Structures are given as structure tokens and as C-alpha cells.
Number of protein chains: 2
Amino acid sequence: MSGGEQPIQRPGGLPAIIARRLRASIADGRFEPGEQLPTQAVLGEMYGVSRSVIREAISLLKSDGLVISHQGLGQFVNPEGSSVFRLDADLGDGENLSELIEFLVSVESAAAGYAAQRRTDRDLAAINGALRALARAVDAREDGVSEDVAFHRAILKATHNEYFIDFGDFLENRVRGFIRKARTNTARQAESLMAEVQQEHEAIEAAIAAGNAEAARLASQRHLLNAAQRLRIYLADQLT
Amino acid sequence: MSGGEQPIQRPGGLPAIIARRLRASIADGRFEPGEQLPTQAVLGEMYGVSRSVIREAISLLKSDGLVISHQGLGQFVNPEGSSVFRLDADLGDGENLSELIEFLVSVESAAAGYAAQRRTDRDLAAINGALRALARAVDAREDGVSEDVAFHRAILKATHNEYFIDFGDFLENRVRGFIRKARTNTARQAESLMAEVQQEHEAIEAAIAAGNAEAARLASQRHLLNAAQRLRIYLADQLT
DNA sequence: CGGTTATGTTTGTATGATAATCTGATCCAC
DNA sequence: GTGGATCAGATTATCATACAAACATAACCG
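Keep in mind the model is a prediction, meaning the values are calculated, not measured. (Residues numbered from 1 in each chain as written. Chains lettered and ligands numbered in written order. Predicted model: local features only at pLDDT ≥ 70, side-chain atom pairs only at ≥ 80, totals over all residues. Heavy atoms only, no water.)

## Observations concerning the relation of the copies chain B and chain A
At step 1: Least-squares fitting of chain B to chain A yields an RMSD of 0.1 Å, with the superposition described by an axial translation of 0.0 Å and a rotation of 180°. One copy is carried onto the other by what is essentially a two-fold rotation axis.
At step 2: By residue overlap, the copies meet face to face through one surface: 100% of the interface positions of chain B are interface positions in chain A. (Least-squares fit on C-alpha atoms with pLDDT ≥ 70 in both. Contact = heavy atoms within 4.5 Å.)

Quick look at the structure:
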């Protein structure tokens with residue numbers, strides 16, 4: 001999967017390497033919170049790279065809120081600690097896939113619960129419309145990817161919570177897209193699989209329509225866990 | 001709160017501005033997925049800045065996985081979409097505080113549930129030890145901050161899931177630290193408040209010890225929601 | 001026709017210079 | 001002396017330029 005036909009993927013260049021080292025140094029306490037970092041010129045000497053590289057590395061740490069720099073003053077380790085939670089899904093290696101799925105399920109199912117409590121009639125109509133469109137697509141022997149996306153997005157939208165919606169976009173781009181690719185590649189049992197998926201979808205929709213948060217959580221949880229299971233089977237087949 | 005005694009916080013410099021614009025352009029579809037971006041030299045002309053600035057901006061997008069660059073080839077919009085979920089908590093504005101808390105509660109309570117299912121005896125001992133240490137600190141009229149941190153961290157550790165642990169660190173740095181500051185600043189009712197918090201902690205610990213995932217989820221949920229409520233009261237008082 | 005070699009383009013890195021901004025010391029007036 | 005303005009130094013921010021490395025394509029040759 002990783003490292004195939006595409007041009008080789010380097011660790012990210014010198015700036016990324018330096019950034020990693022600096023991050024480690026901060027984490028290890030070699031630079032304490034609030035402490036002033038060496039100047040860019042000095043850091044350049046320390047690591048044997050030019051100031052441009054140091055600047056890019058620092059820039060990355062700044063975007064994570066780990067470092068704060070003031071013109072004329074210097075650069076400091078943010079005493080508040082990193083201000084962002086960064087979830088980078090390196091799917092496909094299968095290493096910590098289970099752990100990641102667990103985390104994803106927690107969020108997704110919670111979102112479904114909130115959606116059940118908050119969905120307006122308009123939300124419900126959108127969810128229902130997406131579900132029926134998906135059914136039509138499956139009947140027409142299409143893949144129904146865009147309809148699947150619309151369905152899940154409609155649910156997240158019904159939470160009326162920006163954070164869940166953003167998280168859903170991430171989930172969509174990285175994980176569900178991956179799952180879908182796996183699914184279409186194992187087109188053998190596509191028929192029964194599609195029916196299974198559709199059934200899970202309908203369970204979610206019914207719970208949300210009924211305003212039953214607990215049921216929505218469970219149904220959503222089951223759906224994603226099943227998808228993960230199907231993905232695992234696919235990955236196992238790949239290794240033969 | 002924001003913009004007080006510290007040196008004024010600029011929007012982040014030219015690179016951050018350019019990065020925002022590029023991000024917007026990609027989101028708006030002005031640059032389609034997989035499409036090649038203009039060269040750094042051209043982008044520099046377009047925005048009227050030097051190539052260094054463009055490089056730093058692109059570097060930020062690359063760290064989000066939104067852009068991929070190949071030496072000698074050019075820079076491309078990642079067709080897979082962003083590979084990271086970025087949760088930056090701009091707490092203190094109170095704007096979408098409720099939404100954020102909702103998201104945090106979802107994750108934290110799920111973690112408590114997993115902890116209840118998986119905790120080893122050693123985990124349980126760590127949690128219990130932290131809880132008793134916290135009680136001692138409160139009795140001794142100390143703030144007990146470090147003990148509080150240790151308690152929550154021990155729980156997250158008991159999930160044996162790296163993602164929850166990382167998330168806990170973020171939560172700790174940004175949110176709980178903020179809550180704690182609010183709490184100590186309203187030291188008037190500290191006595192009854194501490195007792196209330198301790199009671200909530202004990203409920204979580206008991207559920208985890210009993211291996212009751214559902215109870216652990218609920219207890220954790222209640223604890224964080226109450227903390228958020230206490231925070232809201234504090235913030236409201238501030239506005240007088 | 002197939003493989004090899006130029007060639008041009010683009011990103012990566014280095015280097016040096018200038019502008020902007022902040023701290024701390026210095027200086028001057030009163 | 002004290003308070004405020006001014007200056008010097010340090011440091012980041014930005015710019016400009018040059019060279020190295022990697023890649024695609026076209027030209028070339030056997």
C-alpha cells in the first residue's frame with residue numbers, strides 16, 4: 001500500500017526532521033515551558049542547517065501552538081502547552097487500527113446520539129432523502145459513494161455542532177474513503193454486503209427519527225464497528 | 001482574558017495569512033484535488049511576497065497533509081484531502097464553549113468506559129493512589145492540581161489506547177488547566193466545591209473498579225459537565 | 001526501436017542583507 | 001535625583017539571490 005507506484009515519500013525534508021527533534025526536546029523537558037529557545041541563528045549552527053530550515057521548523061511548531069515567537073524578543077516554549085489536538089490517521093498500516101477505530105467510534109456514535117436529540121424536521125428530511133437516494137443507487141447497481149457521503153454528512157449536520165461536523169469531514173476523507181475503496185475492491189460479495197450496510201443505515205435513521213439517542217448511539221456504533229470488521233477482513237485477504 | 005498583559009498577538013505573520021488564503025482557495029475548489037498548484041515563484045508574485053514566505057505557508061499546508069510537494073515536479077493538492085483532524089481550542093471566548101465541551105465529554109466519557117473494561121490491577125492501583133493523594137492534598141488545604149492531573153491521566157492510561165491518552169494530554173493542557181484556574185480564582189466556595197469534585201472523582205473510580213463501563217461513562221460525563229457548568233458560572237461572574 | 005544522455009523546470013537548501021520590533025541602558029532636562 | 005526621551009543591541013520577519021537535487025521530457029545514439 002505505502003511506497004508503491006508514487007514517487008518515494010521522504011520523511012518530509014530537513015524542516016520536518018528539525019521540527020521533530022525540537023518537539024522531542026520540548027517533550028523531554030530539555031526546554032522547559034516558558035523558556036526562551038536559542039535564537040534561530042544558534043539553532044541553525046546547532047543542527048548544522050541554514051536559518052531558512054530552522055524558520056520552517058519553528059513555523060510548524062508555532063502552528064501547533066507549541067512555540068510562540070515575538071519579533072525582537074525571541075522564541076519561547078508556550079507555557080500553556082500545545083493548543084491543538086492533532087489526529088493524523090496513518091491508516092493502512094493496520095498497526096494501531098483497532099485503537100484508532102475505537103476512538104472514531106466514540107466520537108461518531110456520540111454524534112449520532114446528539115443528532116437524535118436535536119434533529120429538526122429539515123435535518124430529518126435531509127437524512128431520509130440521502131438514505132433513499134442511496135437505496136436507489138444500490139438498486140441501480142451504482143457504487144453510491146456520493147450518496148453514502150451525503151447520508152453520513154446529513155447526520156453530522158443534525159448535531160448542530162461544528163466540531164462534530166469537522167470531525168466528520170476528517171473521518172470521511174481518510175477513513176470512510178479507505179473503507180469504501182476496500183469494499184468496492186471486494187466486489188464479489190457486494191450484493192449481500194450492500195444490503196447489510198443499508199440495513200445498518202436504516203437502523204441509524206430510524207433511531208434518529210424516533211429521537212432515541214441511546215438507540216442512535218448503538219446503531220451508529222454497530223455500523224462503524226462492522227465496517228471496521230469488514231475492512232480487517234479485506235486487509236487480511238490482501239496479505240495472502 | 002485574551003490580549004492583556006502579554007505582547008500583542010498578531011495574526012501570525014505573512015506565512016499564516018497566505019496559508020489561510022490558500023486553504024480557502026482549496027476549500028472553495030479554486031484548486032481542485034490532485035491539481036498542481038502554481039510554482040512557488042508564481043505564488044510569490046501572485047501574493048506579492050517573497051518565496052520564503054510562500055515556502056513557509058506551503059509548509060504549513062503540507063504538515064496538515066493538504067498539499068504534497070515533489071522536488072522537481074511541483075506542488076499538488078492532496079487528492080485524499082487533509083490527513084489530520086485539528087482541534088484547536090480557543091477557550092475563553094465562550095462563543096462555542098458549549099459545543100466544544102460536548103465534544104470533549106463524548107471522548108472523555110468513552111475513555112472512562114474503556115478504562116472500566118480494560119483496567120489492570122496495576123491501573124486500578126494507580127488510579128486509587130492518585131485519588132487518595134488528591135484527598136490528602138485537599139485535606140492539607142493545598143490546591144491539589146498535580147494530583148488531579150495524575151488522577152485523570154491514570155484513567156486515560158487505563159484505556160491502553162494511545163489516541164485517548166494523547167487526547168487527554170490536550171484536554172489537560174488547554175481545558176482542565178483553564179477550569180482549574182477558574183476554580184482557584186473563585187476560592188470563596190472552595191471548600192464545598194472541592195468536596196463536590198472529590199465526590200465525582202470517587203464515583204468514577206468506583207465504576208472503573210467495578211468494571212462497570214456504563215456507570216463509568218455516566219460518572220465521567222457528569223464530572224466534566226459539572227466542571228463546565230462551574231466554569232460558565234465563573235465566566236459569567238467575570239463579565240460583571 | 002530501445003536505452004542513454006542532455007536539458008529545462010521545480011522544489012530544497014544556503015547565504016547575506018534589510019526592515020521591524022522589543023529590551024535595556026544611556027542621556028538630558030528639570 | 002527623577003522621569004521621560006533617545007540610542008544601541010539583539011532578534012525575528014522578510015526579501016533577494018544563488019546553487020544543489022530530483023524529476024519529466026525530449027533529444028540522441030547504437
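## Structural notes on the environment of Leu66 of chain B
Residues and elements named next belong to chain B.
At step 1: Locating Leu66 in the fold gives a position in the loop between α3 (51-63) and β1 (67-70).
At step 2: Sequence separation between Leu66 and Phe76 is 10 residues, and the spatial gap between their C-alpha atoms is 8.7 Å.
At step 3: Residues contacting Leu66, with those up to four places away along its chain left out, are Arg23, Ile26, Leu61, Phe76, Val77, Asn78 and Ser82. (Helix = DSSP H or I, 4+ residues; strand = E, 2+ residues; numbered from the N terminus.)

## Considerations on the interface of chain B and chain A
At step 1: Taken together, the contact between chain B and chain A spans 42 residues of the former and 43 residues of the latter.
At step 2: Between chain B and chain A the total buried area reaches about 4,200 Å² when both faces are included, carbon and sulfur atoms providing 50% of it.
At step 3: Among the residues of chain B in contact with chain A, Phe85, Glu102 and Tyr163 of chain B are the three that bury the most area, contributing 19% of the side total.
At step 4: Linking chain B with chain A are six salt bridges, by the criterion used here. (Buried area = accessible area lost by both parts, 1.4 Å probe. Salt bridge = Lys/Arg side-chain N within 4 Å of Asp/Glu carboxyl O.)

## Details of the protein's contact with DNA strand C
At step 1: For DNA strand C, the set of nearby residues contains 25 residues, the closest of which are Ser50 and Gln71 of chain A together with Arg51, Arg55 and Gly72 of chain B.
At step 2: Close to the protein, within 4 Å, the atoms of DNA strand C are drawn from sugar and phosphate at a rate of 66%.
At step 3: Between Ser50 of chain A and DNA strand C, the recorded distance is 2.9 Å, taken from a backbone N or O atom to a phosphate oxygen.
At step 4: Here Ser52 of chain A contributes a side-chain N or O atom positioned 3.5 Å from a base nitrogen of DNA strand C.
At step 5: Per-class residue counts for the surface near DNA strand C are six nonpolar, 14 polar and five charged. (Near = heavy atom within 4 Å. Polar contact = N/O pair within 3.5 Å; in protein donor to acceptor, adjacent residues only side chain to side chain. Nonpolar A, V, L, I, M, F, W, Y, C, P; charged D, E, K, R; others polar.)

## Side note on the environment of Ala213 of chain A
Residues and elements named next belong to chain A.
At step 1: Turning to its location among the elements, Ala213 is positioned in helix α9 (residues 213-238).
At step 2: Residues Ala213 and Ala111, 102 residues apart in the sequence, show an inter-C-alpha distance of 9.5 Å.
At step 3: Sequence-distant contacts of Ala213, defined by excluding residues within four places in its chain, comprise Gly113, Ala116 and Gln117.

## Regarding the confidence of the model for chain A
At step 1: Overall, the prediction assigns chain A a mean pLDDT of 85, with 87% of residues at 70 or greater.
At step 2: Low confidence marks residues 1-5 of chain A, where pLDDT is under 50. Its contacts with residues over four positions away, or in another chain, come to two contacts. (pLDDT = per-residue confidence, 0-100.)

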